[in-house]
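The primary structure of each chain is shown beneath.
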Amino acid sequence: PQLEAVVPVEPARPAPAARHQPLVDELRKLAALRASGLLTAAEVRDRKIDLFTAASPAHRAELDELLYALMPLRAEGALDDDDVTFLKRLGGEL
């Protein structure tokens, strides 16, 4: 028998960054909408709360992975200290 028939093959898990790419894309879109004046700061904050709550990490390792994936957004201005604090609270860090 072939090895594949004997040993089940697990589906490949997406890389950590790839797993969070939809969230990264949504946050960038919100930043662009805010910069263009199409959304207010309050509207962006509400949408971020929804996105972060949906992506809420269950474990510390998942929180670290999520924060790592979001690091470039801090440099771009799409993520601020309040966002990081909120995510840490969701993840049970604070």
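Here the structure is a predicted model, which means the values were calculated and not measured.

Peer 1: Looking at this structure, how should I read the overall build of the protein?
Peer 2: Broken down by element type, the protein carries 6 helices and 0 strands. The helix and strand sequence of the protein, counted from the amino end, reads α-α-α-α-α-α. Counting all 94 residues of the protein, 23% fall into the buried class. Long-range contacts, defined as pairs at least 24 residues apart, comprise 62% of the intrachain contacts of the protein with a sequence gap of at least 6.

Peer 1: Even after reading the chapter, I still don't get the nonpolar core, so can you show me in this structure?
Peer 2: Side chains of a nonpolar character, in soluble globular proteins, are inclined to be buried together. Judged by nonpolar contacts, the single largest core of 16 residues is most densely connected at Leu27, Leu70, Leu73, Leu79 and Leu87. Of all the secondary-structure elements, those providing two or more residues to this core are helix H3 (21-35), helix H4 (41-54), helix H5 (60-76) and helix H6 (81-90). Apart from residues no more than four positions distant in its own chain, Leu73 is found in contact with Val24, Leu27, Arg28, Ala78 and Leu79.

Peer 1: Please explain the side chain of Lys48 as it appears in this structure.
Peer 2: Along the chain, Lys48 falls in helix H4. Contacts of Lys48, omitting those with residues within four sequence positions, involve Leu27, Leu30, Ala78, Leu79 and Asp83.

Peer 1: Even after reading the chapter, I still don't get H4, so can you show me in this structure?
Peer 2: It helps to recall that an α-helix has 3.6 residues per turn; residues three or four apart then point in one direction. Over its 14 residues, H4 runs 20 Å from end to end, which matches the ideal 20 Å to within 8%, given 1.5 Å per residue. Of the positions making up H4, those classed as buried are Val44, Lys48 and Phe52. When H4 is viewed along its axis, its buried side chains cluster within an angular range of 65° and face the same direction. Relative to its buried face, H4 has exposed residues pointing more than 90 degrees away, namely Asp50 and Ala54. Residues of H4 that are buried make contact with H3 and H6.

Peer 1: Which parts of the structure should I look at to understand the environment of Ser56?
Peer 2: Structurally, the position occupied by Ser56 is in the loop between H4 and H5. A relative accessible area of 31% places Ser56 in the partly exposed class. Counting along the chain gives 10 residues from Ser56 to Leu66, while the straight-line C-alpha distance between them is 9.1 Å.

Peer 1: Is there a simple way to explain the environment of Leu73 in this structure?
Peer 2: With respect to the element layout, Leu73 can be found in helix H5. For Leu73, a relative accessible area of 0% puts it in the buried group. With 46 residues separating them in the primary sequence, Leu73 and Leu27 have C-alpha atoms 8.0 Å apart.

Peer 1: I'm lost on the packing of H4 against H6 in this one. Help?
Peer 2: The relative placement of two packed helices is expressed as an angle between their axes plus a distance between the axes. For the pair H4 and H6, the least separation of the axes is 10 Å and the interaxial angle reads 35°. Where H4 crosses over H6, the handedness of that crossing is right-handed. Packed against H4, whose contacting residues are Arg45, Lys48, Ile49, Phe52 and Thr53, the element H6 presents Asp82, Asp83, Phe86, Leu87 and Leu90 at the interface. Residues that form the contact of H4 with H6 fall into these classes: 5 nonpolar, 1 polar and 4 charged.

Reading the values: the criteria
- Residues numbered from 1 in each chain as written.
- Predicted model: local features only at pLDDT ≥ 70, side-chain atom pairs only at ≥ 80, totals over all residues.
- Heavy atoms only, no water.
- Helix = DSSP H or I, 4+ residues; strand = E, 2+ residues; numbered from the N terminus.
- Buried < 20%, exposed > 50% of the residue type's maximum accessible area, 1.4 Å probe, protein only.
- Contact = heavy atoms within 4.5 Å.
- Core = buried A, V, L, I, M, F, W, Y, C linked by side-chain atoms within 4.5 Å.
- Expected span 1.5 Å × (residues − 1).
- Arc of directions from axis to C-beta.
- Axes fitted to C-alpha atoms, helices over the stretch in contact; angles between N-to-C directions.
- Left-handed = near helix turned anticlockwise from the far one by under 90°.
- Nonpolar A, V, L, I, M, F, W, Y, C, P; charged D, E, K, R; others polar.

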